[in-house]
Amino acid sequence: MVRRLGLLFVVGILFVSGCGAGGGGTTPAAQAPKASSAPLDFSATTLDGKAFDGRSLAGKPVVLWFWAPWCPVCLQQAPGVRAAAERFGDRVAVVGVAGLDKAEAMPEFVRLAKIESITNLSDEPGVVWKHFGITAQSTFVLIDASGRVTGHGTLQPDEIPDRVAALLESR
């Protein structure tokens, strides 16, 4: 009985957190949560332990992908993120922001998802997640070259490259 209640609890948490949920879509910038300051005014650490300054992304469009290492939806989105990074990486910064788990669990997800070619941040304390008002994985934040948040929400794997292309067209 206790085991069954535990399983129901885990399933409920996954449902509420959005992991496994389909659909969604990004919301217009007017409806996006406001960052606590300028969107790119944050710092973090990469998965390989290097300091990262969000202001280094200024001047070009940015795609931030907030993921968790245990999230099957995030893993399903990885091919779309990879495709967008391969196609537009010279013109758009694609950055993964890992959270909702211990830092030790994050490199395995990167390996499984085959996203070693993009910068991935370790946000175990959730500082970057809070900065952007992220409450669930998998969430994308789209920022134009002027530093304005233009989209915020979930994307289907096949939508990701098209949304990145649209971000470039809005320049």
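Just above, that's the structure.
Everything numeric in this text was worked out from a predicted model, so none of it was measured.

Engineer: What am I meant to see in the overall build of the chain here?
Structural biologist: A count of helical and extended segments in the chain gives five helices and eight strands. Along the chain, helices and strands appear, N-terminal first, in the series α-β-β-β-β-α-β-α-β-α-β-β-α. For the chain, the proportion of its 171 residues judged to be buried stands at 46%. Partitioning the contacts of the chain with sequence separation of at least 6, the portion at a separation of at least 24 is 75%.

Engineer: Help me understand the environment of Leu121 in this model?
Structural biologist: On the secondary structure map, Leu121 appears in strand E6 (residues 119–122). Among the residues examined, Leu121 registers a relative accessible area of 0% and is labelled buried. Note: C-alpha distance between Leu121 and Ala98 (23 residues apart in sequence) is 5.9 Å.

Engineer: How should I be thinking about helix H5 (residues 160–169) in this particular structure?
Structural biologist: For H5, the full list of buried residues reads Ile160, Pro161, Val164, Ala165, Leu167 and Leu168. Projection of H5 onto a plane perpendicular to its axis shows the buried side chains occupying an angular sector of 155 degrees, all on one side. Facing away from the buried side of H5 by more than 90 degrees, the exposed set consists of Asp162 and Glu169. Along its buried surface, H5 packs onto strand E4 (62–67), helix H2 (72–88), strand E7 (139–143) and strand E8 (149–153).

Engineer: So what exactly am I meant to see when it comes to the nonpolar core here?
Structural biologist: Buried together is how nonpolar side chains tend to be arranged in soluble globular proteins. Core analysis: the largest hydrophobic core is formed by 29 residues, its most contacted members being Val63, Trp65, Trp67 and Ile115. Where this core is concerned, the elements lending two or more residues are E4, H2, strand E5 (93–98), helix H3 (106–113), E7 and H5. Considering each element in turn, this core owes the most residues, seven residues, to H2. If we skip the residues at most four places from it in the chain, Val63 touches Val92, Ala93, Val94, Val95, Phe140, Val141, Leu142, Val164 and Leu167.

Engineer: Explanation requested: the environment of Leu57 in the structure shown.
Structural biologist: Position of Leu57 relative to the elements: it lies in the loop between strand E3 (51–53) and E4. As for Leu57 and Ile143, which are separated by 86 residues in sequence, their C-alpha atoms are 9.9 Å apart. Apart from residues lying up to four places away in sequence, Leu57 is in contact with Leu40, Phe52, Val62, Ala93 and Val95.

Engineer: Sorry if this is basic, but what is going on with the pattern of salt bridges here?
Structural biologist: Pairing between side chains of opposite charge can happen when their charged atoms approach one another. Taken as a whole, this structure holds seven salt bridges when the rule is applied. A salt bridge links Arg55 to Asp53, with the shortest nitrogen-to-oxygen separation between them at 3.1 Å. Measuring nitrogen to oxygen at the nearest pair gives 3.6 Å for the salt bridge that ties Glu124 to Lys102. Residue Glu124 is found in the loop between E6 and helix H4 (127–131), and its partner Lys102 is found in the loop between E5 and H3; the two are separated by 22 residues along the sequence. One salt-bridge network, in which partners are shared between bridges, spans Asp41, Asp53 and Arg55.

Scoring rules and cut-offs
- Residues numbered from 1 in each chain as written.
- Predicted model: local features only at pLDDT ≥ 70, side-chain atom pairs only at ≥ 80, totals over all residues.
- Heavy atoms only, no water.
- Helix = DSSP H or I, 4+ residues; strand = E, 2+ residues; numbered from the N terminus.
- Buried < 20%, exposed > 50% of the residue type's maximum accessible area, 1.4 Å probe, protein only.
- Contact = heavy atoms within 4.5 Å.
- Arc of directions from axis to C-beta.
- Core = buried A, V, L, I, M, F, W, Y, C linked by side-chain atoms within 4.5 Å.
- Salt bridge = Lys/Arg side-chain N within 4 Å of Asp/Glu carboxyl O.

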